[in-house]
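Breakdown of the fold
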Amino acid sequence: MRRIAIVGAGQAGLHLALALLAADYDVTLITDRTAQEVRAGRVMSTQLMFGPARRLERAAGLNLWDATAPGVSTLRVTVWDPPGKSALTFTGQFDEPPHSVDQRVKTAGWLGLYEARGGRVRYGSVTPALLPALATEHDLTIVASGRGDLTRIFARNPLYCPFDRPQRTLACVYVRGIAAPAGEPEPQARINAVAGAGEVFVLPALTTGGPCGTVLFEALPGGPFDCWHDQPSPDSCVSRALGLLRTYTPGEYELCKDAVPTDAGATLYGAVTPVVRHPVAEVAPDTYVLGMADAVVTNDPITGQGSNTAARGAAVYLDMILERGGAPFDPEWMRSAFAAFWRHARQVTEFTNLMLEPLPQHVQRLLVAAAEHPAVAHRFVNGYADPADFHDWLMTAALAESYLASATAGSKR
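Here's a quick rundown of the structure.

About the cut-offs
- Residues numbered from 1 in each chain as written.
- Predicted model: local features only at pLDDT ≥ 70, side-chain atom pairs only at ≥ 80, totals over all residues.
- Heavy atoms only, no water.
- Helix = DSSP H or I, 4+ residues; strand = E, 2+ residues; numbered from the N terminus.
- Rg over C-alpha atoms; globule rule 2.2 N^0.38 Å.
- Buried < 20%, exposed > 50% of the residue type's maximum accessible area, 1.4 Å probe, protein only.
- Areas by Shrake-Rupley, 256 points an atom, 1.4 Å probe, with all protein chains shown as cover.
- Lys, Arg positive; Asp, Glu negative; His and termini not counted.
- Charge placed at Lys NZ, Arg CZ, Asp CG, Glu CD.
- Axes fitted to C-alpha atoms, helices over the stretch in contact; angles between N-to-C directions.
- Parallel < 35°, antiparallel > 145°, perpendicular 65-115°, else oblique.
- Left-handed = near helix turned anticlockwise from the far one by under 90°.
- Contact = heavy atoms within 4.5 Å.
- Nonpolar A, V, L, I, M, F, W, Y, C, P; charged D, E, K, R; others polar.
- Pairing = 2+ DSSP bridges.
- Salt bridge = Lys/Arg side-chain N within 4 Å of Asp/Glu carboxyl O.
- Core = buried A, V, L, I, M, F, W, Y, C linked by side-chain atoms within 4.5 Å.
- Expected span 1.5 Å × (residues − 1).
- Arc of directions from axis to C-beta.

Some remarks on the overall build of the chain
Helix and strand counts for the chain come out as 12 helices and 16 strands. Taking 2.2 N^0.38 as the reference for a compact globule, 413 residues should give roughly 22 Å; the C-alpha atoms of the chain span a radius of gyration of 21 Å, in line with that estimate. Principal-axis analysis of the C-alpha atoms places the extent of the chain at approximately 65 × 50 × 40 Å. For the chain, buried positions account for 56% of its 413 residues. Carbon and sulfur atoms make up 53% of the accessible area of the chain, which amounts to about 16700 Å² in all. Of the charged side chains in the chain, 35 are positive and 41 negative, and the gap between their average positions amounts to 1 Å.

Structure (structure tokens):
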């Protein structure tokens, strides 16, 4: 029986650990928190799992919240000219409803499931100095933790890293009391883009106490949304958020004005430097470990791809491990496993990086067209489920102009 160690018990690490356990591999999962500690802790992210990622979880038997997490029907995008004037808005329906599950709920649930199925867990922190021994004890060691010193063992790949610092500062809060928009299908996710300030995302979700909403500010550094450095308490966070919404996105404020935080751990603050790293690290002479998901590909959450990319990474690595059989997991194989994942992750990364920068004129024209043509709105909204589609029509001016000419031809006759 082949022995595999996975460092990190998040979306990617737990998905892969559970799938390998089901395939009769000897799996050791290393994490620094128990399921109870995770569930009682602070929120770790916002997330929206789109249809393709949900199908991967379903195939692995990990869709534990299909009946309880609210499925999102539509996405509404509003562009605001400050202070508080709506410039354009459109709504598109998802072909496959995504949903959002608080990572405290999901991680604790999957970790409990893994232990109930007989999976081995080592509790404690892993530093780079501990990796050589761990890798020697196992046929394959995978680092699936994108936090702390562990990521530094994987060298930065400058070819795919246009940024050397965060492009947004982040603040999110989980709340109850968000109202439903009149005349719109529910549940609904909403993106509010404010010139010179950043973005506000409002999503329905499932948290430890049941259904809720999440509000995420993606603040342009130095702009009016960039006001979270003191990391206020949940109550103060909601109060400050409502003040910003009242001024810059008054329509969203009307829906959120009665919001209250869900619990004492309902807030998260920070910033993300987008980075792509080389996937293989030599931790001792002829001793290698493989990086996975956000340990080697970290994107800003502006496009909501983090958990989805992690699910895709777990599924790709699972297939590669199963296909390897009894052959060694050598560096060449490790690089080929990452290459298979990168075919998807590269498209996600390029789309996310595009949305972090000032939008090119051709993307602005596409958004205007989406407000006028439901077919364009539908395609834009469903592109989030698989950003590969954006590479056919949104990523360059030439492709965008060609698509717009065909998509709007009927209206010009």
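Alright, that's what it looks like, and here's the rest.
Comments concerning the packing of helix α10 (residues 361-372) against helix α12 (residues 397-407)
Orientation of α10 relative to α12, taken along the N-to-C sense of each, is 25°, at an axis distance of 9 Å. With respect to their mutual orientation, α10 and α12 come out roughly parallel. Crossing geometry of α10 relative to α12 is assigned as left-handed. Side by side, α10 and α12 meet where His362, Arg365, Leu366 and Ala369 of the first sit next to Ala397, Ala400, Glu401, Tyr403 and Leu404 of the second. In terms of residue class, the contact of α10 with α12 is made up of 6 nonpolar, 1 polar and 2 charged.

Quick word on the sheet that holds strand β6 (residues 140-143)
Hydrogen bonding along the main chain pairs the strands of a sheet, whether they run parallel or antiparallel. Overall, mixed pairing links the 6 strands, which are arranged β5-β2-β1-β6-β15-β14 in an open sheet. A strand with exactly one partner marks an edge of an open sheet, and here the two such strands are β5 (120-123) and β14 (280-284). When the angles between neighbouring strand axes are averaged without regard to direction, this sheet yields 25°. Bridge count for β6 against strand β15 (residues 287-291) is 2 bridges, and the pairing is parallel.

Considerations on the environment of Val260
Note that Val260 resides in strand β11 (residues 260-261). By relative accessible area, Val260 is classed as partly exposed at 44%. Note: C-alpha distance between Val260 and Asp235 (25 residues apart in sequence) is 7.1 Å. Sequence-distant contacts of Val260, that is, excluding residues within four places in its chain, are made with Tyr174, Val175, Arg176 and Val238.

Topic: the packing of helix α3 (residues 51-59) against helix α8 (residues 306-324)
Interhelical geometry of α3 versus α8 gives an angle of 40° and a closest axis separation of 9 Å. Considered as vectors, α3 and α8 are oriented oblique to each other. In terms of crossing hand, the pair formed by α3 and α8 is left-handed. On α8, the residues touching Pro52, Ala53 and Leu56 of α3 are Asn308, Ala311, Arg312 and Ala315. Its residues placed into classes, the contact of α3 with α8 shows 5 nonpolar, 1 polar and 1 charged.

Some remarks on the pattern of salt bridges
A complete count under the given rule lists 21 salt bridges for this structure. Among the salt bridges present, the one from Asp263 reaches Arg104, with a minimum N-O distance of 3.0 Å. Taken as a pair, Asp263 in the loop between β11 and β12 (267-271) and Arg104 in helix α4 (residues 103-116) lie far apart in primary sequence, 159 residues in all. Each member of the salt-bridge network shares a partner with another, and the members are Arg3, Asp26 and Arg120.

Looking at the environment of Arg240
Here Arg240 is to be found in helix α6 (residues 234-248). Once the C-alpha coordinates of Arg240 and Trp228 are considered, the two residues, 12 residues apart in sequence, prove to be 9.1 Å apart.

Let's talk about the pairing of strand β10 (residues 210-219)
A regular strand places its side chains so that they alternate between the two faces of the sheet. With 9 of 10 residues buried, β10 is to be regarded as a mostly interior element. Relative to β10, strand β7 (residues 169-176) runs antiparallel, the two being bridged by 7 bridges. Counted as the bridge partner of Val175 is Gly213 from β10. Pairing analysis gives 10 bridges linking strand β9 (residues 198-207) to β10, with the strands arranged antiparallel.

Describing the side chain of Thr207
Residue position: Thr207 is located in strand β9. In this structure Thr207 touches Asp102, Arg104, Val105, Tyr174, Arg176, Cys212 and Thr262, once residues within four positions along its chain are discounted.

So, the nonpolar core
With 69 residues, the main nonpolar core has Ile6, Leu16, Leu20, Met292, Tyr317, Ile321 and Trp333 as its most contacted residues. Ignoring anything within four residues of it in the chain, the contact list for Tyr317 reads Leu16, Ile142, Leu290, Gly291, Met292, Ala337, Phe338 and Phe341. Counting residues in hydrophobic clusters, the runner-up holds 67 residues, among them Cys237, Ala241, Tyr269 and Phe380.

A closer look at unusual backbone geometry
Of note, the bond from Pro82 into Pro83 is cis; its omega dihedral lies within 30 degrees of zero at 0°. For Pro83, the position within the fold is in the loop between β3 (74-81) and β4 (85-93). Pro187 follows Glu186 through a cis peptide bond whose omega is -5°. Examined against the element boundaries, Pro187 turns out to sit in the loop between β7 and β8 (188-194).

What about α10?
End to end, α10 covers 17 Å across 12 residues, agreeing with the expected 16 Å (1.5 Å per residue, within 8%). Listed as buried for α10 are His362, Val363, Leu366, Leu367, Ala369 and Ala370. Within α10, the buried residues cover an arc of 160° as seen down the axis, which keeps them to one side. Facing away from the buried side of α10 by over 90 degrees, the exposed positions are Gln361 and Glu372. As for α10, its buried residues are in contact with β4, α9 (331-356), α11 (374-383) and α12.

Considering the side chain of Glu252
Its location among the elements puts Glu252 in helix α7 (residues 250-256). We classify Glu252 as buried; its relative accessible area is 1%. Among all residues touching Glu252, those that are not within four sequence positions of it are Arg190, Asn192, Val202 and Leu245.

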